[in-house]
Amino acid sequence: MTALEELRAEPQQAEELARAWKNRPGPLGWISVTTHQELGMRYIVTAFIFLLLGGIEALMMRIQLASAENTFLNPARYNQIFTVHGTTMMFLFAVPVMEGMGVYLVPLMIGTRNVAFPRLNAFGYWIYLAGGLLLYAAAFTNTMPDAGWFAYSPLSGPQFSPGKGVDVWAQMITFTEISALCVAVELIVTILRLRAPGMTLNRLPMFCWAMLVQSFMIIFAMPAVMIASTIFLLNDRTIGTHFVNPAEGGDPLLYQHVFWFFGHPEVYIIFIPALGMASSIIEAFSRRPVIGYPALVLSLVANGFIAFGLWVHHMFATGLPQIGEAYFTAASMMIAVTSGVQIFCWLATLWSGRLQPTAGLHFIFGFLFIFVMGGLTGVMLASIPLDLQAHDTFFVVAHFHYVLIGGTLFPLFGAFHYWFPKFTGRMIDQKLGKITFWLLFIGFNCTFFPMHILGLHGMPRRVYTYVPEMGWGPANLLATIGAFIIAAGGICFIANVLKSRRFGTKADPNPWDAGTLEWSTSSPAQAYGFIHLPVVASRYPLWDQEKSKDIVTGLRNDRREVLVTTVLDAEPDHRLVLPGNSIWPFLTAVGFSIGLYYSVFAFSGYWIATALGMIGIIGWFWPRQPLDIRP
Amino acid sequence: MTWGRMPSCAPVANRRWPGESGTRPKLATCATMLFSLASAFGQQSSLAPGGTHASQIKSLGVFFFWLLGIIFLIVIAIAVASIFQRGQSTQDEAAQRRLKTAIAGASVLTILILFGLVVVSVGVGKEISAPGGRGNELVVEVTGNQWWWFVRYLNDDPTRIVVTANELHIPVGRPVLIRGLSNDVIHSFWVPGLQGKRDLIPSRVTTQWIETNEPGRYRGQCAEFCGLQHAHMALWTVAEPESQFQQWIGTQLRPGAAPSDDLQQRGQEVFLSHACVLCHSIQGTTANGQVGPDLTHFGSRLSIAAGTLPNNKGNLAGWIADPQNIKPGTRMATVPLDPTDMQPLLEYLESLQ
């Protein structure tokens, strides 16, 4: 091992690496990509396109609800649009965008060159894209699902939802779920085995901790939704099984239990990565290590566990036994403790730090404001008596938008403004970023705060209209105006990204003077990540420069090689040759997708999926000379 | 793709509910209305409770609101104050220790507060779900249908079972047990002024107690998404003194009023000779359909189409002539009627007091 500076002066090493990690040109090359930055960015861009679509759907709903007995949308269309809005936001935006951020950032933050399973990563992306295309192909051929994003049986059953919309919905979930499982598996192995030497688990950056917890949650939660949506619902609909259809002796509450066993952790799957982002942004912009690192990590892990114990609070109105309800009240409130601890740690960090008033930090303050309010209304909803009044009303709509937009979208936008130089190599316009923040913040509160009041005054959710006598008109109008302010914020954000990408000032490797490893490499990061894999001696290697001059040597640069380290202490274990570009993940995804698309219409689609998928997997795993793995 | 409009609710001349005096709120009062939790909102508010259970829930909610509101303000105040802090050196051990103590203290306080909230809310939860029967309870069966409410007053004496729709009359001061059922999908019975909601689930029976000491009208609405016309599935609950309630029960037990003049006589003939009888029944006539609401005492009801329109002849004419226009997707069929038949039919139906 030698000093970093000496080795940095070796341009031919960079050339060699660049050759080893290069993507093939042309469209065939484009679909064979297996590098994490390219795939991560595809996840993020695709997810943002779905965010845009979901946002347009939201605007249409707000226009319809702006006044009583409005006729902008008919009831059938309204029901379709709120279903597709919820499904898009949960399955096609929120989870994938977090996965994309993880796929992009985790290898850079832990000092390696790629995720542990690059081809699985590519497969996951293509499957996700196929799922999104399925839903929107249905939307544009007028077979939109219309039973809500949790599709309660029997409304979603064969008797009350004829047509193919609900089948499309149920199978679309399979796609996003496979994709989420792929990313979860590869991120867990990446984080546990590919960390830079010396990066013991207690030096892992907060964002990586968050992705680790999220990935484990995905592995436990996603199979539940597969049971609910595919095994119960889709089979009841397509081959006449009797799992959850009461007309056939099935139990509609069984569906709710299994769905929410996934559905509640899903919320934390979405916002735990955002908590990690918040920690990263706060420590960078307050110029100090986050206070209470162990407390933050333990809270994240505890969040992950407790999240699986609260699903029944979605079902308080179904009339479950008292003793069970009391347990779930207590469990639901417990999540406020672990979330509270994290808020306190961040407040302490902000309090003692020297704050840099960047756009990224603006979003963090917006996040604190909105998320704390959403958390406190969550405490209200955990109380059964209050929930029995507020459940399924606009109060709940307000609550979960406060938690999900405040808890996820604001940190995500903050993260985008924070990591933008690493993504693009250029600085994002701070002034436009702050304008974006204020538009989103004001628009958000204007839209969703009145909904609390509407809900308490009796407005149920998922109504396409309301009679004028109820007096709900003015508050609804205000919410609609707010929705357009949010839309303006969105346009401002897109404009800023497009402008800064092209005309922004060139970024240094570490423009914010942050402490974690991703800032030690060039902006934008090269496909191989680091010229020399770093050796880490502290939690913030770039802030403790004198400790972190060591680098890893001895890896071959002419092929995609990374260092595998031990799980706890990150001691070097062995070298691993990662596979290069491959078209097979794409072909496998296409094969599975054809079969799964067809399974919406007939059960035999599963045989097609199996056959075509297997062909893909054979190609994927076709043995090759171990030393000959080249790009 | 067809984004065309299905006909939706047409403007209807008379939206005044029986016994209602107020006018619709003007835009100028919006801002004040939005933030005043007063009765400017209709009769469907959990913040204007009339029932004993809803009052308890509201008190609990007010307690939560102030406690959590203060916590919110403190947290935000600290966050804002941190902007104006100059920052400390990371070497300042004493300052770090103070902050860590503060975090620990706040965490312990959070646990204590939440523990208190659990105890309080489980206590209230027990009270609002406790069986309210004191031997004098009334048992009412409410069955959800797409998109109306079937209501049946149970009685040990089968001749005293009362059947009605989209309207619930309850005596003041007497506990009422709602037995919830559903004929198709999951609905949720919710009258915010009286009690929290309870789902009506096919293949199950759910129960809920309501009780009020204040006579009045409380509007309720289906709270679980139940399909196309979930938005127009409301019901009125009328709480009245025991004597009036008994009088109402007495009326409801009688068969439908016989036509009292030629026009009504003609109306009855129209009703009985058209498709109406396939779905609706009128006791005392041959109309015995079981699919739609029972119309034996239709004229005495407050609303048409499950709370969608106030019950008067004009609205009823619009509803019968084109139900799909008022409630798109409703199961009520459009029955072609000779224009001269409409007036007698309206007279007859409104005479069914």
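What counts as what
Residues numbered from 1 in each chain as written. Chains lettered and ligands numbered in written order. Predicted model: local features only at pLDDT ≥ 70, side-chain atom pairs only at ≥ 80, totals over all residues. Helix = DSSP H or I, 4+ residues; strand = E, 2+ residues; numbered from the N terminus. Buried ≥ 20, exposed ≤ 12 C-beta atoms within 10 Å, placed from the backbone. Contact = placed C-beta atoms within 7 Å. Pairing = 2+ DSSP bridges. Axes fitted to C-alpha atoms, helices over the stretch in contact; angles between N-to-C directions. Core = buried A, V, L, I, M, F, W, Y, C linked by C-beta atoms within 7 Å. Nonpolar A, V, L, I, M, F, W, Y, C, P; charged D, E, K, R; others polar. Parallel < 35°, antiparallel > 145°, perpendicular 65-115°, else oblique. Left-handed = near helix turned anticlockwise from the far one by under 90°. Domains from an automatic or database assignment.

(A) Local environment of the overall build of chain B. In terms of helices and strands, chain B carries nine helices and 12 strands. Out of the 353 residues in chain B, the part that is buried amounts to 43%.

(B) Molecular detail of the overall build of chain A. Secondary structure assignment for chain A yields 18 helices and two strands. Counting the 631 residues in chain A, one finds 65% classified as buried. Nonlocal contacts in chain A, meaning residues at least 24 apart in sequence, comprise 80% of its contacts between residues at least 6 apart.

(C) Structural context of the pairing of strand 2 (residues 572-577) of chain A. Residues and elements named next belong to chain A. Bridge analysis of strand 1 (residues 561-565) against strand 2 gives five bridges, and the strand direction is antiparallel. Counterpart to V562 in the pairing with strand 2 is L576. Two successive antiparallel strands, strand 1 and strand 2, enclose a turn made up of six residues, where A570 displays a positive phi of approximately 55°.

(D) Inspection of the sheet that holds strand 1 (residues 138-145) of chain B at higher detail. All names here are of chain B. Overall, mixed pairing links the five strands, which are arranged 3-2-1-5-8 in an open sheet. Sheet topology places strand 3 (162-165) and strand 8 (206-210) at the edges, where each strand pairs with a single neighbour. Mean inter-strand twist for the sheet, computed between neighbouring axes without regard to direction, equals 25°. In the sheet, strand 1 pairs with strand 2 (residues 148-153) via six bridges, with the strands oriented antiparallel. Considered in strand 2, the bridge of E141 is made with R152.

(E) Fine view of the nonpolar core. Core analysis: the largest hydrophobic core is formed by 305 residues, its most contacted members being C208(A), I281(A) and C345(A). Residues within four places of C345(A) in sequence aside, it is in contact with V290(A), I291(A), G292(A), A295(A), L296(A) and I103(B).

(F) Looking closely at the environment of S522(A). All names here are of chain A. Assignment of secondary structure puts S522 in the loop between helix 16 (473-503) and strand 1. Judged by the 15 C-beta atoms lying within 10 Å of it, S522 is partly exposed. Sequence-wise, S522 and N510 are 12 residues apart; in three dimensions their C-alpha atoms are separated by 8.2 Å.

(G) Region of the structure containing the pairing of strand 1 of chain B. Residues and elements named next belong to chain B. Counting buried positions along strand 1 gives six out of eight residues, so the element sits mostly inside the fold. With seven bridges connecting them, strand 1 and strand 5 (residues 176-182) associate as parallel partners. Each bridged residue has a counterpart across the sheet, and for V142 the counterpart in strand 5 is G180. Linkage of strand 1 to strand 2, two consecutive antiparallel strands, is achieved through a turn of two residues.

(H) Structural detail: the interface of chain B and chain A. At the interface, 85 residues of chain B touch 81 residues of chain A. Listed by contribution, the elements that provide at least two residues to the side of chain B that touches chain A are helix 1 (30-35), helix 2 (52-83), helix 3 (93-129), strand 7 (198-200) and strand 8 of chain B. Element by element, the count of residues in the side of chain B that touches chain A is highest for helix 3 of chain B, at 20 residues. For the side of chain B that touches chain A, the per-class residue count stands at 46 nonpolar, 29 polar and 10 charged.

(I) Up close: the packing of helix 5 (residues 75-110) of chain A against helix 8 (residues 206-238) of chain A. All names here are of chain A. Where helix 5 contacts helix 8, the axes come no closer than 10 Å and their chain directions differ by 130°. Accordingly, the angle class assigned to the pair helix 5 and helix 8 is oblique. The two elements helix 5 and helix 8 cross, and the hand of that crossing is left-handed. Residues M98, G102, L105, V106, M109 and I110 of helix 5 touch helix 8, and the partners they reach there are F207, C208, M211 and Q214.

(J) The packing of helix 5 (residues 262-273) of chain B against helix 9 (residues 339-350) of chain B, seen in detail. Residues and elements named next belong to chain B. Direction vectors running N to C along helix 5 and helix 9 enclose 100°, while the axes themselves pass 7 Å from each other. As the angle between them shows, helix 5 and helix 9 are arranged roughly perpendicular. Residue-level inspection shows L263, Q264, R266, G267, Q268, V270 and F271 of helix 5 in contact with helix 9, the latter providing D341, P344, L345, E347, Y348 and L349.

(K) Broad picture of the sheet that holds strand 9 (residues 216-221) of chain B. Residue and element names in this part refer to chain B. Taken in spatial order, the three strands make up an open sheet running 4-10-9, and their pairing is mixed. Two strands lie at the open edges of the sheet, namely strand 4 (167-171) and strand 9, each paired on one side alone. Across this sheet, the average inter-strand angle for adjacent strands is 20°, counted without regard to direction. Taken together, the five bridges between strand 4 and strand 10 (residues 234-240) define a ladder with parallel strand orientation. Along strand 10, the bridge assignment pairs I170 with A239.

(L) Highlighting the domain arrangement of chain B. All names here are of chain B. Looking at the assigned domains, one finds that chain B contains domain 1 (45-129), domain 2 (138-252) and domain 3 (262-350). Computed from C-alpha coordinates alone, the two centres of domain 1 and domain 2 are separated by 37 Å. Contact residues are listed per partner, giving 11 residues for domain 1 and 13 residues for domain 2. The element that contributes the greatest number of residues to the side of domain 1 that touches domain 2 is helix 2, accounting for four residues. Taken together, the residues of the side of domain 1 that touches domain 2 break down into five nonpolar, six polar and no charged.

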